[in-house]
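Remarks on the overall topology
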Amino acid sequence: MDNEQLKILELKINDLISLRQLVTQTLVVLIGGVVGLFFLPDSKLKYVVIIIGLLYVFFIGKTLYRTINKINKYLYKRNEGNNANT
């Protein structure tokens, strides 16, 4: 790989790491909000909002999982390529 391709790869990995941090923070806030909803008085709206919150947590968790897999793919694919050349 030449220098330009390495720079592009480094930028992709840095962007994915930033995305992972953002998604992790969002997930923490969502989980905290859903748990906080359990302390509200009982009503049908409370349970609807809890279900919607759990769906968001699920989708954000899935996004986090995919982001981590992409980071690992770039990093370990790169390392395997270096090990094959040595």
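To start, this report covers the structure provided alongside it.

What counts as what
Residue numbers restart at each chain and count upward from 1, following the sequence in its written direction. Where local features are concerned, this predicted model is filtered to residues with pLDDT of at least 70; where side-chain atom pairs are given and counted, the filter is 80 or more; whole-chain, interface and lining totals use all residues. Side-chain figures throughout are based on the complete set of non-hydrogen atoms in the structure, without hydrogens or water. For helices the rule is a DSSP run of H or I covering at least 4 residues; for strands it is a run of E covering at least 2, with both sets numbered from the N terminus onward. Burial classes: relative accessible area under 20% of the type maximum marks a residue as buried, over 50% as exposed, and values in between as partly exposed (1.4 Å probe, protein chains only). The contact criterion used throughout is that any non-hydrogen atoms of two residues lie within 4.5 Å. Methods summary: accessible areas were calculated by the Shrake-Rupley approach with a probe of 1.4 Å, and residue burial reflects only the protein chains presented. In this text, buried Ala, Val, Leu, Ile, Met, Phe, Trp, Tyr and Cys residues form a nonpolar core when linked through side-chain atoms within 4.5 Å.

The helix and strand tally for the protein stands at 2 helices and 0 strands. Taken over 86 residues, the protein has a buried fraction of 16%. When contacts within the protein are restricted to residue pairs at least 6 apart in sequence, long-range pairs at least 24 apart make up 74% of them. Total accessible area computed for the protein in this model is approximately 6,900 Å², and 64% of it derives from carbon and sulfur atoms.

Before going further, it helps to spend a moment on the side chain of K46. Note on placement: K46 falls in helix α2 (residues 44–85). Setting aside its immediate chain neighbours within four residues, K46 contacts L37, F38, L40 and P41.

V23, L27, V34, L37, I50, V57 and L64 form the largest nonpolar core, which has 7 residues in total. Counting only elements with at least two residues in this core, the list comes to α1 (3–37) and α2. Sort the elements by how many residues they give to this core and α1 lands first, with 4 residues. When residues no more than four places from it in sequence are discounted, the contact partners of L27 are V57, I60, G61 and L64.

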